Amino acid sequence: MKDILQDIIANKRIEVARQEEAISLQTLVSMGSTRLDLPTRSMRAALAASEAGIIAEFKRKSPSKGWLHPEANVREVLPAYELAGASACSVLTDSLFFGGSLGDLATARKVVDLPLLRKDFIINSYQLYQARVMGADAILLIAACLTPAECLSLAETAHSLQLEVLLEVHSQQELDHLNPHVDMVGVNNRNLGSFHTDVENSFRLAELLPKEVLKVSESGIADPQLISRLRKVGYRGFLIGETFMKEADPGLTLTHFKEAIPC
């Protein structure tokens, strides 16, 4: 499979430029002033306090698998995730490649009290303001999409907006993107270029991650037994999407998944 990440980022630059042209940052901040005054929820604290630490993801499709659940409704899926015991929820807001929208994030904030992660390819501080106004509590920064300097600048801005930062890495080389404003480090088991998935990646990088940063394993987690193994090497968060979203009832699937995690 070709390196689709380049296509995603190229499209994202055009998309964000059009959004900023349609609604200026000043207008966005003015429109979201009420939301900006409200406190955020700590995803890091929720994961640290949870025995399962599952970040249940809402996404309708992916570039590698196509449509998973095209008719999925945030108003149905996220309350079911919360009822099933998710520690936090991740909401895909990319439209072209993942079938999501900022509207999904805004709706999610209305229907659950869990910490919400805006999952997108963030390349511009404008997207951070969008996230905050739409109700996110945390944002994802992907090392493969950013330089270390860009990552630092975006993380600083995120913190100024009371948003926590989940930095996603895939390799040891990307650890140079770590900075003091990163709250959580996510090891993506899926290569964003080829979309090849290898859950052993989390184990390979576990010892290289700073002890003070909460560790999250992302992608390819389909076996509840894996949660127990990953917790033993220091992970406290587990971002799971496809395993739940490919099923007719994602919330019920999460319930069964949690019940099968070894004590």
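Because the structure is a prediction, the values reported are computed rather than measured.

Cut-off values and rules
Within each chain, residue numbers correspond to sequence positions counted from 1 in written order. Only residues with pLDDT of 70 or above have their local features reported here, since the model is predicted, and side-chain atom pairs are shown and tallied only from 80 upward, although totals for entire chains, interfaces and linings are computed over all residues. Side-chain calculation: all heavy atoms of the structure are included, whereas hydrogens and water are not. Note on exposure labels: buried denotes an accessible area under 20% of the residue type's maximum, exposed denotes more than 50%, and partly exposed covers the range between, all computed with a 1.4 Å probe on protein chains only. Numbering of helices and strands starts at the N terminus; helices are DSSP runs of H or I of at least 4 residues and strands are runs of E of at least 2. Taken from the helix axis, the directions to the C-beta atoms give the arc we talk about. Contacts: residue pairs with any heavy atoms within 4.5 Å of one another. Between the N-to-C directions of two axes lies an angle of 0 to 180 degrees, each axis being a line fitted to C-alpha atoms and, for a helix, fitted only over the stretch in contact. Working rule for handedness: look at the near helix, and if it is turned counterclockwise from the far one by less than a right angle, call the crossing left-handed; if clockwise, right-handed. Charged means Asp, Glu, Lys or Arg here, nonpolar means Ala, Val, Leu, Ile, Met, Phe, Trp, Tyr, Cys or Pro, and polar covers whatever is left, Gly included. Of the two site types, the cavity is a set of points on a 1 Å grid over the protein atoms alone where a 1.4 Å probe fits but cannot get out, and the pocket is an open set with protein on both sides within 12 Å along at least five of seven lines, each lined by residues with an atom within 4 Å of a point. Grid points are joined across faces, edges and corners, and a volume is the space filled by probe spheres set on the points. By nonpolar core is meant a set of buried Ala, Val, Leu, Ile, Met, Phe, Trp, Tyr and Cys residues that side-chain atoms within 4.5 Å join together. Pairing between strands requires that DSSP locate at least two bridges from one strand to the other.

Participant: When you look at helix α12 (residues 250-259) in this model, what are you seeing that I'm missing?
Facilitator: Side chains that are three or four residues apart share a direction in an α-helix, a result of its 3.6 residues per turn. Every buried residue of α12 is listed here: P250, G251, L254 and F257. The buried residues of α12 occupy one face: seen down the axis, they fall within an arc of 120 degrees. The inward-facing, buried residues of α12 contact β1 (54-58), α5 (74-84), α10 (224-232), β10 (235-240) and α11 (242-245).

Participant: In this structure, what is going on with the packing of helix α1 (residues 4-22) against helix α7 (residues 125-134)? I would like to understand it.
Facilitator: The axes of two packed helices give the description: the angle between them and the distance between them. Two elements in contact, α1 and α7, have axes whose closest approach is 10 Å; the angle formed by their N-to-C orientations is 65 degrees. Read as a crossing pair, α1 and α7 show a hand that is left-handed. Touching K12, V16, Q19 and E20 of α1 are Y126, Q127 and Q130, all from α7. The residue makeup of the contact of α1 with α7, split by class, is two nonpolar, three polar and two charged.

Participant: Would you explain empty space enclosed by the protein in this entry?
Facilitator: Over the atoms, a rolled probe matching the size of one water molecule traces out where space is still vacant. Taken as a whole and assessed by the stated rule, the structure comprises one cavity of 30 Å³ or more. The space that makes up the largest cavity amounts to roughly 30 Å³. In terms of lining residues, the largest cavity is bounded by R35, L38, P39, T40, R41, R109, R132, G135, A136 and D137. The residue inventory of the lining of the largest cavity, partitioned by class, reads three nonpolar, two polar and five charged.

Participant: Explain unusual backbone geometry here, please?
Facilitator: The phi angle of most residues is negative, glycine excepted, and most peptide bonds adopt the trans form. One non-glycine residue, Q162, lies in the positive phi region at around 65 degrees. Looking at the secondary structure, you find Q162 in the loop between α8 (148-160) and β7 (164-169). Taking the relative accessible area as the measure of exposure, Q162 reaches 45% and is therefore partly exposed. In this structure, S219 takes a positive phi of about 80 degrees despite not being glycine. As for its placement among the helices and strands, S219 is situated in the loop between β9 (214-218) and α10. Assessed through its relative accessible area of 13%, S219 is described here as buried.

Participant: Would you mind showing me how to read the layout of surface pockets here?
Facilitator: The calculated volume of the largest pocket comes to roughly 360 Å³. Around the largest pocket, the lining is made up of 28 residues, and of these E57, K59, K119, R190 and S219 lie nearest the centre. Listed by contribution, the elements that provide at least two residues to the lining of the largest pocket are β6 (138-142), β10 and α11. In terms of residue class, the lining of the largest pocket is made up of eleven nonpolar, seven polar and ten charged. Taken as a whole, the second largest pocket encloses approximately 210 Å³ of empty space. Lining the second largest pocket are E51, A52, S228, R231, K258, E259, I261, P262 and C263. Within the residue set of the lining of the second largest pocket, elements represented by two or more residues are α10 and α12. Here the residues of the lining of the second largest pocket are counted per class, giving four nonpolar, one polar and four charged.

Participant: How do you make sense of the nonpolar core when you look at a structure like this?
Facilitator: Burial of nonpolar side chains together is a common tendency in soluble globular proteins. Grouped together as the largest cluster of nonpolar side chains are 80 residues, with contacts concentrated most on M43, I54, L78, Y81, I139 and L141. Look past the residues within four positions of I54 in its chain and what remains in contact with it is A86, S87, A88, F238, I240, F244, L254, F257, K258 and I261.

Participant: Help me understand the pairing of strand β8 (residues 184-188), please; the structure alone is not making it clear to me.
Facilitator: The side chains of a regular strand alternate, residue by residue, between the two faces of the sheet. In terms of residue burial, β8 counts as a mostly covered element, since five of its five residues are buried. The side-chain alternation of β8 yields two buried faces, one formed by M184, G186 and N188 and the other by V185 and V187. Two elements, β7 and β8, share four bridges in a ladder whose sense is parallel. Bridged to V169 within β8 is V187. Of the pairings in the sheet, the one linking β8 to β9 comprises five bridges and is parallel in character. Of the residues in β9, the one forming a bridge with N188 is E218.

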